[in-house]
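The primary structure of each chain is shown beneath.
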Amino acid sequence: MARKLKIGITCYPTLGGSGVVATELGKLLAEKGHEIHFITHSIPFRLGKFHKNIFFHEVEVNDYYVFRYPPYDLSLASKMAQVAKMQNLDILHVHYAVPHAVCAFLAKQMLNNGMKTVTTLHGTDITVLAQDESLKDLIRLAIHQSDAVTAVSQDLIRETRQLLDITTPIELTYNFVDKRIYYPRDVSTLRNDYAAPNEKILMHISNFRPVKRVSDVVDIFAKVQKQIPSKLLLVGEGPELTKIQCKINNLGLEDKVLFLGKQEDVAQIISLADVLLLPSEKESFGLVALEAMACGVPTIGSNAGGIPELVTHGETGFLSPIGDVDSMADNALLLLRDENLHEKFKAACIKRAQEDFCNDRITYEYESIYYKVLGLESEIEPLSADICLS
Ligand code: GMT
């Protein structure tokens, strides 16, 4: 039996897909017998119930009165080193380069005991923050000093190389969903609370930041609802929300758009949708499109970043150039008007999510990276061909 590892995980625990992926990965690794230590400022929101092999170490910031800005990064680095020493961690796996990869580098310097660090790049840590000249060299240093670096799409690898001139290996490790949670739910009763039987449901889920182009979501829906009876469900909160509410009111669509706010049970909610709208400006992966895919919901969106690696145009959704709301509305109408086509897309979505983005395969890939950086290649068991079918 493969040697079990002690793994520290740092991520943003309260928001975003990177925190979701890091937490789900920690839970799956714990199920496989590894010991997982989350080192974060609060309990990761997706952690859920008690898990035998999971521990949480809270990062507390020192807010001594001379500090104008309490130094969270230094507290995190110190906590990482402290936990790594006390728990004898083999690996420290950080998600999102800024500041986590930099802190991991500092912690490793403090320890100097052979602990290895793995950095997973998620998107805006490169596509936005690495554009900032004041951070560029720091991010490059952190990447070079990691024992292994992974990224969640080919497109993100390409952009990291281009923006930061990185020549060292970056491994592709796609995001995943837990197939025990993400599958088409029976929401026939719940659906009546949101739409009449003859109405289609379009859905958008995000953090309502400008990169998500939620205004395009409204424009697409405005066109679709003129042609077929439909409702738009908006899930999440963020800086653009007020602007979007005004736009909906100005267009007189307030009776057709429902705001659900932040929601925990995404699998249940997403199963209500006939299509997911994801017209983002930037999207290294688009975890929500995978969550939708696993629940049998096709995506209508942009071809930004890594979305085309996830959504197969013409099979599991339709992609258009960023900002082309006419094309996106036409594509939505095509799917929503043709039940046979929609059923075909639904089946293709479920199959692709299960086969290519299943939790067992991706967990195996991360484990293999850990064993490799520790020089324990012999512990890597062969991947069984039917790993995702069980
Ligand atoms: O920067 C963000 O948008 C947040 C970030 C996160 O922490 O969730 O999202 C990025 O990571 C996700 C998980 O890997 C990806 O699914 C998102 O596509 C990516 N966001 C962007 O690239 C804009």
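One can find the structure itself at the top, above this paragraph.
Cut-offs used in this document
- Residues numbered from 1 in each chain as written.
- Predicted model: local features only at pLDDT ≥ 70, side-chain atom pairs only at ≥ 80, totals over all residues.
- Heavy atoms only, no water.
- Pairing = 2+ DSSP bridges.
- Helix = DSSP H or I, 4+ residues; strand = E, 2+ residues; numbered from the N terminus.
- Axes fitted to C-alpha atoms, helices over the stretch in contact; angles between N-to-C directions.
- Contact = heavy atoms within 4.5 Å.
- Expected span 1.5 Å × (residues − 1).
- Buried < 20%, exposed > 50% of the residue type's maximum accessible area, 1.4 Å probe, protein only.
- Phe/Tyr/Trp six-rings, centres within 6.5 Å; stacked < 30°, edge-to-face > 60°.
- 1 Å grid on protein atoms, 1.4 Å probe; cavity = no way out; pocket = protein on both sides within 12 Å on 5 of 7 lines; lining within 4 Å.
- Points joined across faces, edges and corners; volume = space filled by probe spheres on them.
- Nonpolar A, V, L, I, M, F, W, Y, C, P; charged D, E, K, R; others polar.
- Near = heavy atom within 4 Å.
- Polar contact = N/O pair within 3.5 Å; in protein donor to acceptor, adjacent residues only side chain to side chain.
- Areas by Shrake-Rupley, 256 points an atom, 1.4 Å probe, with all protein chains shown as cover.

*Asks:* Got a minute to help me understand the sheet that holds strand 13 (residues 317–320) in this structure?
*Replies:* Consider a sheet: its strands pair through backbone hydrogen bonds, and that pairing is either parallel or antiparallel. Strands sit in the order 10-9-8-11-12-13 across an open sheet of six strands; the sheet is parallel. The open sheet is flanked by strand 10 (257–261) and strand 13, the only strands paired with a single partner. Within this sheet the neighbouring strands show an average axis-to-axis angle of 20°, counted without direction. Two strands pair when backbone bridges link them, and strand 12 (residues 299–302) and strand 13 are joined in this way by four bridges, in the parallel orientation. Following the sheet pairing, Thr299 is matched in strand 13 by Gly317. Each of strand 8 (200–205), strand 9 (230–235), strand 10 and strand 11 (275–278) is contacted by helix 8 (residues 214–227), which is oriented at about 165° to strand 9, the strand it contacts most. Seen against the sheet, helix 9 (residues 241–250) touches strand 9 and strand 10 and runs at an angle of roughly 160° to strand 10.

*Asks:* Got a minute to help me understand helix 3 (residues 100–111) in this structure?
*Replies:* Note on helix geometry: an α-helix contains 3.6 residues per turn, so any two residues three or four positions apart are oriented the same way. Across its twelve residues, helix 3 extends 16 Å between first and last C-alpha, which sits within 8% of the 16 Å expected from 1.5 Å per residue. The buried fraction of helix 3 amounts to nine of the twelve residues, a majority that puts the element mostly inside the structure. Buried residues of helix 3: His100, Ala101, Val102, Cys103, Ala104, Phe105, Ala107, Lys108 and Leu111, and no others. After helix 3 finishes, the residue Asn112 shows a positive phi value of roughly 50°.

*Asks:* Would you mind showing me how to read the packing of aromatic side chains here?
*Replies:* One pair of aromatic rings is described through two measures. These are the centre distance and the angle between the planes. Summed over all chains, the structure comprises six aromatic pairs. Centroid distance Tyr64 to Tyr65: 5.0 Å. Interplanar angle 65°. Geometry classified as edge-to-face. Relative accessible area serves as the criterion here: at 68%, Tyr65 is assigned to the exposed category. With a centroid separation of 5.4 Å and an interplanar angle of 70°, the aromatic rings of Tyr174 and Phe357 are classed as edge-to-face. Residue Tyr174 is found in the loop between strand 7 (171–172) and helix 7 (188–191), and its partner Phe357 is found in the loop between helix 14 (339–356) and helix 15 (359–373); the two are separated by 183 residues along the sequence.

*Asks:* Any chance you could explain empty space enclosed by the protein here in plain terms?
*Replies:* Enumeration over the complete set of coordinates arrives at one cavity of 30 Å³ or more. Among the elements of the structure, helix 1 (16–31) and helix 11 (287–294) are those that each provide at least two residues to the lining of the largest cavity. A total of three residues in the lining of the largest cavity trace back to one element, the largest contributor, which is helix 1. Grouping the amino acids of the lining of the largest cavity by side-chain chemistry returns six nonpolar, no polar and four charged.

*Asks:* Before we go on, may I ask you to explain the sheet that holds strand 6 (residues 148–151) in this structure?
*Replies:* An order of 3-2-1-4-5-6-7 is seen for the seven strands of this open sheet, with the pairing classed as parallel. Strand pairing shows two members of the sheet lacking a second neighbour, strand 3 (54–58) and strand 7, which therefore form its edges. Judged from the four bridges that link them, strand 1 (residues 6–10) and strand 2 (residues 35–40) form a sheet pairing that is parallel. Looking at the pairing, Ile7 lines up with Ile36 of strand 2. The strands touched by helix 2 (residues 72–87) within the sheet are strand 1, strand 2, strand 3 and strand 4 (91–95), with strand 2 carrying the most contacts at an inclination of about 160°.

*Asks:* Looking at this structure, I do not really get the layout of surface pockets. What am I missing?
*Replies:* Empty space among the atoms can be located by rolling a probe the size of a water molecule over them. Quantified by volume, the largest pocket comes out at close to 1,100 Å³. What lines the largest pocket is a set of 39 residues, and nearest its centre among them are Leu15, Gly16, Gly17, Ser18 and Asn207. Mapped onto the lining of the largest pocket, the elements with two or more residues apiece are helix 1, helix 4 (124–127) and helix 11. Ranked by residues supplied to the lining of the largest pocket, first place goes to helix 1 with four residues.

*Asks:* Where do I start with the site of the ligand in this structure?
*Replies:* Around the ligand, 15 residues are found, and the nearest of them are Gly17, Ser18, Thr124, Arg209 and Glu283. A distance of 2.7 Å separates an oxygen atom of the ligand from a polar side-chain atom of His122. Gly286 is positioned with one of its backbone polar atoms (N or O) 2.9 Å from an oxygen atom of the ligand. Burial of the ligand by the surrounding chains reaches 94%, relative to a free accessible area of 480 Å².

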